[in-house]
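# Structural characterization, general
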Amino acid sequence: TQLLEQSPQFLSIQEGENLTVYCNSSSVFSSLQWYRQEPGEGPVLLVTVVTGGEVKKLKRLTFQFGDARKDSSLHITAAQPGDTGLYLCAGEEGTALIFGKGTTLSVSS
Amino acid sequence: EAEVAQSPRYKITEKSQAVAFWCDPISGHATLYWYRQILGQGPELLVQFQDESVVDDSQLPKDRFSAERLKGVDSTLKIQPAELGDSAMYLCASSFTWGQGRFYEQYFGPGTRLTVT
């Protein structure tokens, strides 16, 4: 079973700060997905990265897939309270997804 | 925008009782997944359906859990009897299909939060 390790586990910052969260594995993935989950809700897909070295931007969020397709990062610029939530990375294994344990982000105003 | 529907949203049950969850995937999605998410963890796959057939149920505790998707559309996950350790969020997801050399994105429902007392 492949494992996805996310860091940091918890992150508490002030509005306007920048942050980066990481998703690492010793295994190669054909694609990685990033989800955001709010308390009591299901994960919402943010992006899928497929090509090694790929960079995708979603407003203030920048996602990068490592050249070797073993790691990924999510960078948020000028964080806002609405960015608060659990950020999960996931990769394909067999028929389904395996998830990391997530990074819990809290942005205070 | 099409969504995955789940009910109930919350369920409290006593141990040894039976409990059932329902999921209606996005229309036209052939693949349906049930995941379990323990607080502080990522979701873990319990069972995957392609239309009405089970593709993978290797992580489903079959002594107490069962899942069906009789007409290849909506699905029911049942636990009987429930145990304290079953307290978790049960998530349903769907995708257009799966396999065929590419990844089809999965879309999740809001989940059912189960508390076993």
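See the structure shown above.
### Re the interface of chain B and chain A
Chain B puts 22 residues into the contact, and the matching count from chain A is 19 residues. Between the two partners, chain B and chain A, sit one salt bridge. R9 of chain B serves as the salt-bridge partner of E41 of chain A, at 3.3 Å between the closest nitrogen and oxygen. At three residues, strand β4 (residues 31-37) of chain B tops the list of elements feeding residues into the side of chain B that touches chain A.

### Examining unusual backbone geometry
A negative phi holds for most residues other than glycine; trans holds for most peptide bonds. Here the residue pair S7 of chain B and P8 of chain B is connected by a cis peptide bond, since its omega of -10° sits within 30 degrees of zero. Here Q80 of chain B and P81 of chain B are connected by a cis peptide whose omega angle stands at -5°. You can see P81 of chain B is positioned in the loop between β8 (75-79) and β9 (88-95). Positive phi outside glycine occurs at K59 of chain A, with the angle close to 55°.

### Notes on the side chain of Q6 of chain B
Residue and element names in this part refer to chain B. For Q6, the location among the structural elements is in strand β1 (residues 5-7). Within the structure, Q6 has its side chain in polar contact with the backbone oxygen of Y90 (distance 3.1 Å). At a separation of 2.9 Å, a polar atom in the side chain of Q6 contacts the main-chain amide nitrogen of G111. Setting aside residues up to four positions removed in sequence, Q6 forms contacts with W22, C23, W34, Y90, L91, C92, G109, P110, G111 and T112.

### Notes on the pattern of salt bridges
Where charged atoms from two side chains of opposite charge come close, those side chains can pair. All names here are of chain B. Within this structure, the stated rule accounts for eight salt bridges over all chains. Its salt-bridge partner being R36, residue D86 comes within 4.0 Å of it at the nearest N-O pair. Taken together, the residues span a long stretch of sequence, with D86 in the loop between β8 and β9 and R36 in strand β4 at a distance of 50 residues. With respect to burial, D86 and R36 carry one shared label: buried. A salt bridge links R64 to E83, with the shortest nitrogen-to-oxygen separation between them at 3.4 Å. With R64 in the loop between β6 (53-56) and β7 (65-68) and E83 in the loop between β8 and β9, the pair connects residues that are 19 residues apart, well separated along the chain. Here R64 falls in the buried class, since its relative accessible area comes to 12%.

### Some points on the sheet that holds β1 of chain B
All names here are of chain B. On the basis of which strands lie adjacent, the open sheet formed by four strands has the order β1-β3-β8-β7 and antiparallel pairing. On the outer flanks of this sheet lie β1 and β7, each paired with one strand and no other. In this sheet, adjacent strand axes meet at a mean angle of 15° when their direction is disregarded. When β7 meets β8, the two strands line up antiparallel, connected through four bridges. Its bridge partner lying in β8, S66 is registered against K78.

### Concerning the pairing of strand β8 (residues 71-76) of chain A
Look at any regular strand and the pattern is simple: side chains alternate between the two faces of the sheet. Residue and element names in this part refer to chain A. Bridging between strand β3 (residues 19-24) and β8 involves six bridges; their strand directions are antiparallel. Bridging from a neighbouring strand, T20 pairs with H75 of β8. Bridge count between strand β7 (residues 61-65) and β8: five bridges; the pairing is antiparallel. The residue bridging Q64 from the neighbouring strand is S73, located in β8. Where β7 folds back on β8, the antiparallel hairpin that results is connected by five residues, among which R69 adopts a positive phi of roughly 60°.

What counts and what doesn't
Residues numbered from 1 in each chain as written. Chains lettered and ligands numbered in written order. Predicted model: local features only at pLDDT ≥ 70, side-chain atom pairs only at ≥ 80, totals over all residues. Heavy atoms only, no water. Contact = heavy atoms within 4.5 Å. Salt bridge = Lys/Arg side-chain N within 4 Å of Asp/Glu carboxyl O. Helix = DSSP H or I, 4+ residues; strand = E, 2+ residues; numbered from the N terminus. Polar contact = N/O pair within 3.5 Å; in protein donor to acceptor, adjacent residues only side chain to side chain. Buried < 20%, exposed > 50% of the residue type's maximum accessible area, 1.4 Å probe, protein only. Pairing = 2+ DSSP bridges. Axes fitted to C-alpha atoms, helices over the stretch in contact; angles between N-to-C directions.

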